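# A closer look at the structure
Next come the chains, spelled out residue by residue.
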Amino acid sequence: YQIYSTMQNPDPDRFPVILEEWEELARKKLADGPYYYIAGGAGSEKTMQANLKAFTNREVIPRMLRNVDQRDLSVDLFGQKYPFPILQAPIGVQSIIHEEGEIGSALASAEMGVPYIASSASSVPMEKIAEAMGDAPRWFQLYWSRDPEIAASFLKRAENSGYSAIVVTLDTPMMAWREYDLKNVYLPFLAGEGVGNYFTDPAFLSKLEKSPQEDPQAAVMHWTKVFGNTSLTWDDIDFLREHTNLPIILKGILHESDAKLAVEKGVDGIIVSNHGGRQVDGAVGALDALPKVVEAVGDKVPVLMDSGIRRGSDIIKAMALGAKAVLVGRPLMYGLAVAGQKGVKEVMQNMLADLDITLGLTGQSSVSQLDPSLLREME
Ligand code: FNR
C-alpha cells in the first residue's frame, strides 16, 4: 500500500511503471548498434519468443483464505540468506548503454541487497566493481578462456576481490549468429568495449607484445583468440575445482542429461538458461526446460533459472517449477540505459513489489515454498 499511497501527487516526470515503456525509452535513447545488441537475439529470435511463450503457457491457479499477512521473499543460496529471490544476470559491455556502466548496475544491486553477477565481459575490471560494492553480495561470471592461465587468473582475481561464487557460462564458447549485430556491423568488443577484465589481467597482459594502451588493436585481436573455448568437455570441469574453492555454478544448462553430468562432476549449482535467446536460435524456452532439469537434479544442488523473467508472476512460475531463484537480464539493462543506477533500482523495485503483491494474491506466503500444484500448463 506504500506504493498506492504515493500516487496521490504523481510527478509528471516520474519513471515509467510499465516495463515495456522502459524499453521504448531505451530504444529512443540508444543508437541502433547498442540497442539491438541488448534487445536482440540469435537468428530469427524464435528462442527469445519461446522464452516468453513458456511463461504465457503456464497459468497460476490462485488459492484463497490462507492468511497472507506476512510474506517472505527471502531465499537461502550456498549458505547465504538473501532478501529477494532475484539476482542481477551477468551482462557485459554495459558502458555501451550508459556512462555509469557496471558500476551503476552494481550499486543498484548493492542498495537492494540483490546479488550482482559481474560478467567476464564487463567494461570495468572486476576489482573496481568490488571496490564500489563494499560488502554487498556479488558473484563472478566466467567466460572460460581458451588460455588456461587467463581462466585461472580470472578465478583467482574473483576470489581475491570478494566474489562469493563462480558462475561458469557454458553456452557461449563463441558468439552466436546474431543478425542485427551483423547487419549493424556492431560488435562492442572489436571497439575495445567489454574487455575491462582482460586488459587488466596479468595473465592476458603477459601474452601481449605491447600494452593495450600502446597498441589497443593488437590487444583486441588477442582477445578474440582467447575469449572462448570450443574444445572444452565435461572432463575439464575438474580444472575449475582445482583453481577455486568458491561454489561453482554452471549457467546455460537446458538438457536433463547435462544436468545429471553436472551433478556427477560435483558442481554446486545449475542455472537453466538459454542466454536470453542470444545463442541457439530455435532452442527450448528456458522455463520449458526447467522441470526436467529439476527432476534430474533432485535436491542434490540448487537449480536457478533465467531467460524471459519480466514480471512478478514469472518469478512465481519459475519458483513453483523448482527454481530456487531467478536471474533478471534485459529489464534491468533498459533501466540502466534510461537512468543509470536509479533506473536499475526502479525496475528492480517495481518487479519485487509486483512479486510481493502477486504472491499474496495467489494465497502464498513464501517464495521458497511454492510447488507445481499452483500451476496449470495449457495444451
Ligand atoms: C547477456 N548475457 C550474458 N551472460 C553471461 O553469462 N555473460 C555475459 O557477459 C552476458 N552478456 C549479456 C549481454 C546482454 C546485452 C544480454 C541481454 C545478455 C545473458 C544474461 O546473463 C542472461 O542469461 C539473459 O539476459 C537472461 O534473459 P533475459 O532476462 O534478458 O530475458
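It should be noted that the structure appears before, not after, this text.
The present account deals with the structure reproduced in this document. (Residues numbered from 1 in each chain as written. Predicted model: local features only at pLDDT ≥ 70, side-chain atom pairs only at ≥ 80, totals over all residues. Heavy atoms only, no water.)

In this section: the overall build of the protein. Along the protein, the regular secondary structure elements total 15 helices and twelve strands. Against the 2.2 N^0.38 benchmark of 21 Å for 379 residues, the protein shows a C-alpha radius of gyration of 20 Å, consistent with a compact globule. For the protein, the spread of C-alpha atoms along the three principal axes comes to 70 × 50 × 40 Å. Expressed as a percentage of its 379 residues, the buried residues of the protein come to 54%. (Helix = DSSP H or I, 4+ residues; strand = E, 2+ residues; numbered from the N terminus. Rg over C-alpha atoms; globule rule 2.2 N^0.38 Å. Buried < 20%, exposed > 50% of the residue type's maximum accessible area, 1.4 Å probe, protein only.)

Before going further, it helps to spend a moment on the pairing of strand β7 (residues 166-169). With burial as the criterion, each face of β7 is covered, one bearing I166 and V168 and the other bearing V167 and T169. Alignment of strand β6 (residues 138-142) against β7, held across three bridges, turns out to be parallel. Bridged to Q141 within β7 is V167. This β-α-β element, β6 to helix α7 (residues 148-160) to β7, shows right-handed connectivity. Bridge count between β7 and strand β8 (residues 248-253): four bridges; the pairing is parallel. Note on β8: the bridge partner recorded for I166 is I248. (Pairing = 2+ DSSP bridges. Right-handed = clockwise from strand over helix to strand, strands pointing away.)

The next point concerns the site of the ligand. The environment of the ligand is made up of 21 residues, and the closest members are P90, S119, T169, D306 and R310. Interatomic distance of 2.9 Å between a side-chain N/O atom of Y143 and a nitrogen atom of the ligand. Between the ligand and R330 there is a distance of 3.0 Å, counted from an oxygen atom to a backbone nitrogen or oxygen. Counting atoms within 2 Å of the grid points, the majority share of the ligand lands in the largest cavity. Of the residues in the shell around the ligand, the class split is six nonpolar, ten polar and five charged. (Near = heavy atom within 4 Å. Polar contact = N/O pair within 3.5 Å; in protein donor to acceptor, adjacent residues only side chain to side chain. 1 Å grid on protein atoms, 1.4 Å probe; cavity = no way out; pocket = protein on both sides within 12 Å on 5 of 7 lines; lining within 4 Å. Sits in = over half its atoms within 2 Å of the grid points. Nonpolar A, V, L, I, M, F, W, Y, C, P; charged D, E, K, R; others polar.)

Turning our eyes to something else, we now look at the packing of helix α12 (residues 256-264) against helix α13 (residues 286-297). Relative orientation of the contacting elements α12 and α13 amounts to 35 degrees, with a least axis distance of 8 Å. Two packed elements cross with a definite hand, and for α12 against α13 that hand is right-handed. Facing α12, whose interface residues are E256, A259, K260 and V263, α13 presents K292, V293, A296 and V297. A class-by-class count of the residues in the contact of α12 with α13 yields five nonpolar, no polar and three charged. (Axes fitted to C-alpha atoms, helices over the stretch in contact; angles between N-to-C directions. Left-handed = near helix turned anticlockwise from the far one by under 90°. Contact = heavy atoms within 4.5 Å.)

Our focus in this paragraph is the layout of surface pockets. Considering only enclosed or pocket space, the largest pocket measures out at about 1400 Å³ in volume. Residue lining of the largest pocket: 40 residues in total, with I3, N350, A353, D354 and I357 positioned closest to the centre. Contributing elements (two or more residues each) for the lining of the largest pocket: α1 (2-5), α2 (19-29) and α15 (330-361). Here the lining of the largest pocket takes twelve residues from α15, the largest share from any one element. Roughly 450 Å³ of volume is contained in the second largest pocket. (Points joined across faces, edges and corners; volume = space filled by probe spheres on them.)

With that settled, consider the environment of G134. Mapped onto the fold, G134 is located in the loop between α6 (126-133) and β6. The class for G134 is partly exposed, based on a relative accessible area of 36%. Along the chain, G134 and S206 lie 72 residues apart, while their C-alpha atoms are 29 Å from each other.

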